[in-house]
Amino acid sequence: MKQLQALLQWLFLRAEGLFNSAFGDRINPLYHLGAITFFLFWVVGASGLYIYAFFETGVSVAYPSVMSLTHDQWFAGGIMRSIHRYASDAMVLTMMLHMLRYFAFNLYHGFRWFSWVTGVLLIWMVYASGINGYMLPWDQLAQYVTVASFEWLDWLPSFGGTLMRNFVYSNHVGDRFFTLLSFMHLGIPLVLLMVMWIHVQRVPKARTTPPRPIAVGLLASMFVLSLVLPVDSQGGAANLAVAVTNVKLDWFYLAVFPLLNEWSMGKVWALVVGGTVVVALLPWWPPKFRRGEKRKHLVVAHGAQGASAEFKVRADETILDAGLREGLALPYECRNGGCGLCLCSVEHGSVDHRPYQRSALPDALKAQGKALMCCAVPRGDVVIEVDGFVPSETATIATVHSGTVAGLERLAEDVMRVLIDLPEGQALDFEAGQYIDILLDDGQRRAFSFANAPHTRDQIELHVRLIPGGRFTTHVFEGMKVGDTLRFEGPRGSFTLRDSMHPILFVAGATGFAPIKSIVEDAFQRGVQRPMRLYWGVRQRKDLYMLELCEQWQQKHPNFTVVPVVSEPSEGDGWTGRTGLVHEAMLKDFADLSGHEVYLCGSVKMVETAVPAFLAQGLGEDACFSDAFLMAAPAPAQQ
């Protein structure tokens, strides 16, 4: 199935790219399939009401009234009848494309099951209404559709042949029966509209009206088509005494009817019902017998003039959908990775990108940490910067804390331990592995993980690595002094130890050791006995700034082991340990990672390289936890 989805993704992306080139991303119809379907429903409803005003609901007068509508007032009724037919066909087409696109891009699992299942129900209802509509003109096609439909229904045990008795003789079909068909054609669309409304309730800011150029284009196309190929009745009035032998079918609605002549009724039911059940159950395929812990991730959005808002993201939900669900005024247009309007900067954490147009997010921008909110699915807690974003009044505003610098200690040439005291009588509740955002004077933020365990919560320990040209880190090394006040937000993050019995593998890159230190010390404090193995990767030996502490842990706790890895050892440093990339060192030691939990903290590049390798070597997706960080851009030179 993945191969089929990959092929469909490729086709959709190519088609969307062509439409973007021709019409622009704003009015690309492939980005508005759901809204177009709603619009077509209203066109079908409006044209249907006009037709119904002139339609006679009697078996002997239905055909003449339709013919009079079609020909005597071709300029109005005839065009309305044609538009009614073509809008109905177009509605089937857009619904199918809409569902196919969601299938191609795998947008039906998790919380989306509701929209998927109600969508399947909607397709059934549209077909029921459309097939019912073909019975009303009471021409030869109506006779064929009516008899075939009731014969097909009659196969069901609940009817047992009672329906077909109405069609044995012509006089058995009376006005009451015809009134019932007319009532169904009015009632089903009303229920359909209600289900359509329910269908979009879990889609934040769902659009039910397409852009005006698309709506005008659709109406103009159907009007021209109605003039060029007007819809008419087929073969004269229905006559149940004579079997229908030749009709032209509407393949959008009646594609299954030829099978009723070639197959047994049971086989056709098996095909239709079986296909429906398979499609409806796709959100739960493949089945997951082991339910992983589904945590909501936290997204912190920063905007103009220091504005900030926090919101939760469900599993497999995009940042944009989550933000819109919380009522945030995030910028967006197509919601399909085509326009680039929802571009943001990922300042902390990492995201997976769903397929998108490269024109909306070039590789160069992606390498700089840019992301499309409509396609970005957080791997964990993330912090993003959105140009021009201003949180709404209902948004959750982050609490600002303050603390005093209590100590500064160089752990290495480019690593500083910063100790922060909280105001007297205050403590900060946090979980091991979380982080805080340091607030700069102009509202910018810098994220640093707790390096201390929660049981020492009266003081905060940070490990700050000097970034050449970095505004805050340069200040820490050159200007910060004991007694300075720091403002910060937090705690944040879900890079925390999960409760299980699986052995733990930690992978830290450089100062990614800080949150690992917090987690390990907390585990020791809580008496966790699970095997823990830490792979700490640095560039040179001198960067292992707390290796002695790790070796003390190893001596004191039998369930803990540290494996330092140096990627670029220098001559004369005496290094005799492991070399190379840290994640590759772990992969060499564990040919099969199934049954383990991996906690990975380092740069975005490190995380994006390591995670796929871990999964390929047997690690379960629900057993891999990561925390990626981006280096802040260098401060601009002072003029």
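Definitions and cut-offs
Residues numbered from 1 in each chain as written. Predicted model: local features only at pLDDT ≥ 70, side-chain atom pairs only at ≥ 80, totals over all residues. Heavy atoms only, no water. Helix = DSSP H or I, 4+ residues; strand = E, 2+ residues; numbered from the N terminus. Rg over C-alpha atoms; globule rule 2.2 N^0.38 Å. Buried < 20%, exposed > 50% of the residue type's maximum accessible area, 1.4 Å probe, protein only. Contact = heavy atoms within 4.5 Å. Areas by Shrake-Rupley, 256 points an atom, 1.4 Å probe, with all protein chains shown as cover. Lys, Arg positive; Asp, Glu negative; His and termini not counted. Charge placed at Lys NZ, Arg CZ, Asp CG, Glu CD. Core = buried A, V, L, I, M, F, W, Y, C linked by side-chain atoms within 4.5 Å. Patch = residues over 30% accessible without salt bridge, like charges linked within 9 Å, V, L, I, M, F, W, Y side chains within 5 Å. Salt bridge = Lys/Arg side-chain N within 4 Å of Asp/Glu carboxyl O. Expected span 1.5 Å × (residues − 1). Arc of directions from axis to C-beta. Pairing = 2+ DSSP bridges. Axes fitted to C-alpha atoms, helices over the stretch in contact; angles between N-to-C directions. Parallel < 35°, antiparallel > 145°, perpendicular 65-115°, else oblique. Left-handed = near helix turned anticlockwise from the far one by under 90°. Nonpolar A, V, L, I, M, F, W, Y, C, P; charged D, E, K, R; others polar. Polar contact = N/O pair within 3.5 Å; in protein donor to acceptor, adjacent residues only side chain to side chain.

Chemist: Would you explain the overall build of the chain in this entry?
Modeler: A tally of regular secondary structure across the chain gives 17 helices and 19 strands. Against the globule reference of 26 Å for 639 residues, the chain gives a C-alpha radius of gyration of 32 Å, more extended than a compact globule. For the chain, the spread of C-alpha atoms along the three principal axes comes to 100 × 55 × 50 Å. Within the chain, buried positions represent 50% of all 639 residues. The contacts in the chain between residues at least 6 apart in sequence include a share of 73% that link residues at least 24 apart. Accessible area of the chain: about 31000 Å², with a carbon and sulfur share of 58%. The chain carries 52 positive and 58 negative side-chain charges, and their two centres are separated by 3 Å.

Chemist: Would you mind showing me how to read the nonpolar core here?
Modeler: Soluble globular proteins tend to pack their nonpolar side chains together in the buried interior. Membership of the largest hydrophobic core comes to 71 residues, with the highest contact counts inside it found for Met91, Val145, Leu192, Leu254 and Phe257. It is helix α4 (residues 74-104) that provides the largest number of residues to this core, a total of 10 residues. Each residue touching Val145, except ones within four places of it in the same chain, is listed here: Ile131, Tyr134, Met135, Leu254 and Phe257. Core analysis: the next-biggest nonpolar cluster, separate from the first, contains 33 residues, Phe524, Met532, Cys550 and Trp575 among them.

Chemist: Hey, could you run me through a nonpolar patch on the surface in this one?
Modeler: There is a patch of nonpolar side chains on the surface, built from Trp74, Phe75, Phe223, Val224, Leu225, Leu227, Val228 and Leu229 and spanning about 810 Å² of accessible area. Secondary structure elements with two or more residues in the nonpolar patch: α4 and α8 (212-228). The element best represented in the nonpolar patch is α8, accounting for 5 residues. Among the structural elements, Leu229 can be located in the loop between α8 and α9 (257-262).

Chemist: I tried to follow α8 on my own but got confused; where do I start?
Modeler: Every α-helix winds through 3.6 residues per turn, so residues three or four apart in the chain are directed the same way. Compared with an ideal rise of 1.5 Å per residue, which puts 17 residues at 24 Å, α8 spans 24 Å between its outermost C-alpha atoms and is within 8% of the ideal. Those residues of α8 lying buried are Ile214, Ala215, Met222 and Ser226. Around the axis of α8, the buried residues are gathered within 105° of arc, so they sit on the same side. Within α8, the exposed residues directed more than 90 degrees away from the buried face are Arg212, Val216 and Val228.

Chemist: Please explain the sheet that holds strand β11 (residues 445-449) as it appears in this structure.
Modeler: Strand pairs in the sheet, formed through backbone hydrogen bonds, run parallel or antiparallel to each other. Pairing is antiparallel across the open sheet formed by 6 strands, whose spatial order is β11-β10-β13-β8-β9-β12. The open sheet has two free edges, formed respectively by β11 and β12 (459-465), since each of these has just one partner strand. With strand direction ignored, the average angle separating the axes of adjacent strands in the sheet is 40°. Relative to β11, strand β10 (residues 435-439) runs antiparallel, the two sharing 5 bridges. Paired with Ile436 across the bridge in β11 is Phe448. Relative to the sheet, helix α14 (residues 513-526) contacts β11 and β12, its axis offset from that of β12 by approximately 150°.

Chemist: Even after reading the chapter, I still don't get unusual backbone geometry, so can you show me in this structure?
Modeler: Leave glycine aside and you will find that most residues have negative phi; peptide bonds, for their part, are mostly trans. Pro286 follows Trp285 through a cis peptide bond whose omega is -5°. The residue Pro286 is located in the loop between α10 (265-280) and β1 (297-302) in this model. Looking along the chain, the bond that leaves Gly490 and enters Pro491 is cis, with omega of 5°. As for its placement among the helices and strands, Pro491 is situated in strand β13 (residues 485-492). Even without being glycine, Ala510 reaches a positive phi, approximately 55°. Looking at the secondary structure, you find Ala510 in the loop between β14 (504-509) and α14.

Chemist: Teacher, can you tell me more about the packing of helix α1 (residues 2-23) against α4 here?
Modeler: In a packed pair of helices, the relevant descriptors are the angle between the two axes and the axis-to-axis distance. Across the interface, α1 lies against α4 with an axial gap of 8 Å and an inter-helix angle of 120°. The angle between α1 and α4 places the two elements in the oblique class. Regarding α1 and α4, the two cross each other, and that crossing is left-handed. The segment α1 lies against α4, with Leu4, Gln5, Leu8, Gln9, Phe12 and Glu16 engaging Leu97, Leu100, Arg101, Phe103 and Ala104. Looking at side-chain class alone, the contact of α1 with α4 contains 7 nonpolar, 2 polar and 2 charged residues.

Chemist: Could you clarify how one ought to interpret the packing of helix α5 (residues 113-133) against α10 in this entry?
Modeler: Direction vectors running N to C along α5 and α10 enclose 155°, while the axes themselves pass 9 Å from each other. With respect to α10, the axis of α5 lies roughly antiparallel. Together, Trp116, Val117, Val120 and Trp124 of α5 and Val272, Thr276, Val279 and Ala280 of α10 make up the contact between the two elements.

Chemist: Got a minute to help me understand the environment of Glu597 in this structure?
Modeler: Among the secondary structure elements, Glu597 is positioned in strand β18 (residues 597-603). It is 4.8 Å that separates the C-alpha atoms of Glu597 and Ala623, two residues lying 26 residues apart in sequence. When neighbours within four sequence positions are excluded, Glu597 is seen to be in contact with Arg498, Ser500, His502, Pro503, Ile504, Leu505, Arg530, Ala623 and Phe625. A distance of 2.8 Å separates the side chain of Glu597 from the side chain of Ser500, its partner in a polar contact.

Chemist: How do you make sense of the side chain of Thr318 when you look at a structure like this?
Modeler: Turning to its location among the elements, Thr318 is positioned in the loop between β2 (308-313) and α11 (319-325). Look at Thr318 and you get buried, because its relative accessible area is 1%. A distance of 3.1 Å separates a polar side-chain atom of Thr318 from the backbone nitrogen of Asp321. Other than its neighbours up to four places away in sequence, Thr318 contacts Arg112, Val313, Arg354, Met373, Cys374, Cys375, Ala376 and Val377.

Chemist: What am I meant to see in α10 here?
Modeler: With 16 residues, α10 extends 22 Å from end C-alpha to end C-alpha; this agrees with the ideal 22 Å at 1.5 Å per step. Taken together, the buried positions of α10 are Met265, Gly266, Val268, Trp269 and Ala280. Within α10, the buried residues cover an arc of 165° as seen down the axis, which keeps them to one side. Seen from the buried face of α10, the exposed residues on the opposite side, beyond 90 degrees, are Lys267, Ala270 and Val278.

Chemist: I'm lost on the pattern of salt bridges in this one. Help?
Modeler: Applying the stated criterion to the full structure yields 27 salt bridges. Note that Arg112 and Asp316 form a salt bridge whose closest N and O atoms lie 3.3 Å from each other. Placement of Arg112 in the loop between α4 and α5 and of Asp316 in the loop between β2 and α11 is noted, with a sequence separation of 204 residues between them. Residue classification places Asp316 among the partly exposed residues on the basis of a relative accessible area of 31%. Among the ionic pairs, Lys481 bridges to Asp484, the shortest N-O distance being 3.5 Å. Relative accessible area serves as the criterion here: at 18%, Asp484 is assigned to the buried category. Salt bridges sharing common partners tie together Glu310, Asp437, Arg445, Glu489 and Arg492.

It is worth stressing that arrangement in space is one thing and function is another; only the former is reported here.
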